[in-house]
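# Examining the three-dimensional arrangement
Below are the chains, spelled out letter by letter.
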Amino acid sequence: MALPFLNGSAGKRDQLLSVDLGGRTTKAVHVQRKGDRYVLCGYALLDAPIYEKSLSADLLGEHLKSVSQALNGKTKSLSLAIGVSDSIVRHAELPQMPVGDMRQILKNNSKNYLQQDLPGHVFDCFIIPPRDEGPPKGGAAEKTKIGANLKSRVLVAGARRQLIDEMQNAIKNTGFLAEQIVPGLLGPVNAFELAMPEIFAREVVALVDIGFKNTSICIVQKGDLVLSRVVAIGGDRLTNGLAESLGISYAEAEGIKVGMPTEVQSNLEALVLPLGRELRASIDFFEHQQDQTVSQVFISGGSARSEFIVQTLQTELIAECKAWNPVGFLELALPPQQAAEVEHVAPQLAVAIGAATGAL
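Residues numbered from 1 in each chain as written. Predicted model: local features only at pLDDT ≥ 70, side-chain atom pairs only at ≥ 80, totals over all residues. Heavy atoms only, no water.

Let us now look at the overall build of the protein chain. Scanning the protein chain from terminus to terminus reveals 13 helices and 15 strands. With respect to the principal axes defined by its C-alpha atoms, the protein chain has extents near 70 × 50 × 40 Å. Pairs at least 24 residues apart make up 67% of the contacts formed inside the protein chain by residues separated by at least 6 positions. Total accessible area computed for the protein chain in this model is approximately 17200 Å², and 48% of it derives from carbon and sulfur atoms. (Helix = DSSP H or I, 4+ residues; strand = E, 2+ residues; numbered from the N terminus. Contact = heavy atoms within 4.5 Å. Areas by Shrake-Rupley, 256 points an atom, 1.4 Å probe, with all protein chains shown as cover.)

Turning to the packing of aromatic side chains, a few remarks are in order. One pass over the full model with this rule turns up three aromatic pairs. Between Tyr38 and Phe329, the ring centres sit 6.0 Å apart and the planes meet at 80 degrees, which makes this aromatic pair edge-to-face. With Tyr38 in strand β4 (residues 37-47) and Phe329 in the loop between β14 (320-323) and β15 (331-332), this residue pair connects regions lying 291 residues apart in the sequence. Ring centres of Phe192 and Phe298 lie 4.8 Å apart, and the angle between their planes is 55 degrees; on these two criteria the pair is classed as tilted. (Phe/Tyr/Trp six-rings, centres within 6.5 Å; stacked < 30°, edge-to-face > 60°.)

If a strand is regular, its side chains alternate between the two faces of the sheet. For strand β13 (residues 296-301) and β14, the ladder comprises four bridges, and the chain directions are parallel. Looking at the pairing, Ile299 lines up with Ala323 of β14. (Pairing = 2+ DSSP bridges.)

It is worth spelling out the sheet that holds strand β12 (residues 224-231) at this point. Note: strands within a sheet are paired through backbone hydrogen bonds, in either parallel or antiparallel orientation. Read across the open sheet, the five strands follow the order β12-β11-β10-β13-β14; overall the sheet is mixed. Looking at strand neighbours, the two that pair on one side only are β12 and β14, the edges of this open sheet. Sheet twist, expressed as the average angle between the axes of neighbouring strands with direction ignored, equals 20 degrees. (Axes fitted to C-alpha atoms, helices over the stretch in contact; angles between N-to-C directions.)

So, about the state of the cysteines. Applying the stated criterion across every chain yields a total of zero disulfides. Between Cys125, a free cysteine, and Cys218, which holds the nearest cysteine sulfur, the sulfur-to-sulfur gap is 17 Å. What makes Cys125 buried here is its relative accessible area of 6%. No disulfide involves Cys321; its nearest neighbouring cysteine sulfur is the one of Cys218, lying 15 Å away. (Disulfide = S-S within 2.5 Å. Buried < 20%, exposed > 50% of the residue type's maximum accessible area, 1.4 Å probe, protein only.)

Here we come to the environment of Val205. Turning to its location among the elements, Val205 is positioned in strand β10 (residues 204-210). For Val205, a relative accessible area of 1% corresponds to the buried category. A C-alpha to C-alpha distance of 27 Å links Val205 and Phe123, two positions 82 residues apart in sequence. Other than its neighbours up to four places away in sequence, Val205 contacts Phe192, Ile199, Cys218, Ile219, Val220, Val294, Ser295, Gln296 and Phe298.

Further remarks concern unusual backbone geometry. You will see that Asp291, though not glycine, has its phi angle at about 55 degrees, which is positive. Topologically, Asp291 is positioned in the loop between α10 (265-290) and β13. Its identity as a non-glycine residue notwithstanding, Ile318 has a phi of 55 degrees, on the positive side. By secondary structure assignment, the location of Ile318 is in the loop between α11 (307-317) and β14.

Glancing now at the pattern of salt bridges. If you walk through the whole model with that rule in mind, you get eleven salt bridges. Here Arg37 and Glu331 are joined by a salt bridge, their closest N and O atoms 2.7 Å apart. One end of the pair, Arg37, is in strand β4; the other, Glu331, is in strand β15, and 294 residues separate them in sequence. Overall, Arg37 belongs to the partly exposed group, its relative accessible area being 36%. Through salt bridges with shared partners, one network takes in Arg280, Asp284 and Glu287. (Salt bridge = Lys/Arg side-chain N within 4 Å of Asp/Glu carboxyl O.)

This part covers the sheet that holds strand β8 (residues 151-160). Sheet architecture is open: three strands sit in the order β6-β8-β7, paired in antiparallel fashion. For this open sheet the edge positions go to β6 (87-95) and β7 (121-127), each flanked by a neighbour on one side alone. Taken over all neighbouring pairs, the strand axes of this sheet differ in orientation by 30 degrees on average, direction set aside. Examined bridge by bridge, β6 and β8 share nine bridges and lie antiparallel to one another. Note on β8: the bridge partner recorded for Ser87 is Ala159. Strands β6, β7 and β8 of the sheet are contacted by helix α2 (residues 99-108), whose axis makes an angle of about 140 degrees with β7. The strands that helix α5 (residues 161-173) touches are β7 and β8; relative to β8, the one it contacts most, it runs at about 65 degrees.

Shown next as structure tokens:
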């Protein structure tokens, strides 16, 4: 599912670096495409750059150089994922028209279609293919009437034009080729489609990605992304809360959060439950609207490495929850040390991998 704010040399690239700019940790992968196969050539997890208000082009450029060095990247093609706090993803109904025209009318009148005034934004659209529901009842006259009123179901992404321009300049000034800039929320959806194609196409599932400051939930109904929401609770709140309740350092709390000694389970459970309630509200809304049941919840992000967090969410969501492996469908061509560690870090790479496959 491609929704790029910027799209470079489509069709000409067979490998690229994909970067997920996180709040605390930047996740990056080097992915190569060989026919219908994808190869993971390397990955990197680096401390995200520290800044007060906005990430400058110079600071981002230096950070991208560090990412390239860490990956020993032999390609200058780059896909960049924008965080959920810097981009929006919405469903809308738009008149049937080319995507370029849709982008223009959203730029001029976002409030009419997105129920929010978004000046200074750039948009992209993905037209959702109509479901085959058989021929219209009532013959040719009814068909003509329906055709005259047809609108397209569209998935819309938006981000501030200034942010996109700064990112594009940073990429260009450091010698990279800006292939795509995409909303990070769609990364887990793209990766899940390739990692578990049958479940993606046939079931109703929720994809939950626990980030540093925010958690996203995307509900996929038989191959269609039908609902997405961002919850302002992430791994940072869990770690901070654990550090405060136990009187320990942030670093110690982070280790405990993943390792989870049984004697501190009650402390962590109290921190996870508010997140579970927010996610349950999104699932309830979908199930009441669509009269469909979410069969499974698949969790990614750094906190997905904690079996206790996954099990606590399962209790709250009243649905089977499991961590999933976004690297599982990739062939591995990794250095020996990375090959030994990739299974442990894989849940953190969902956004970067999805941004890569969407661009290749």
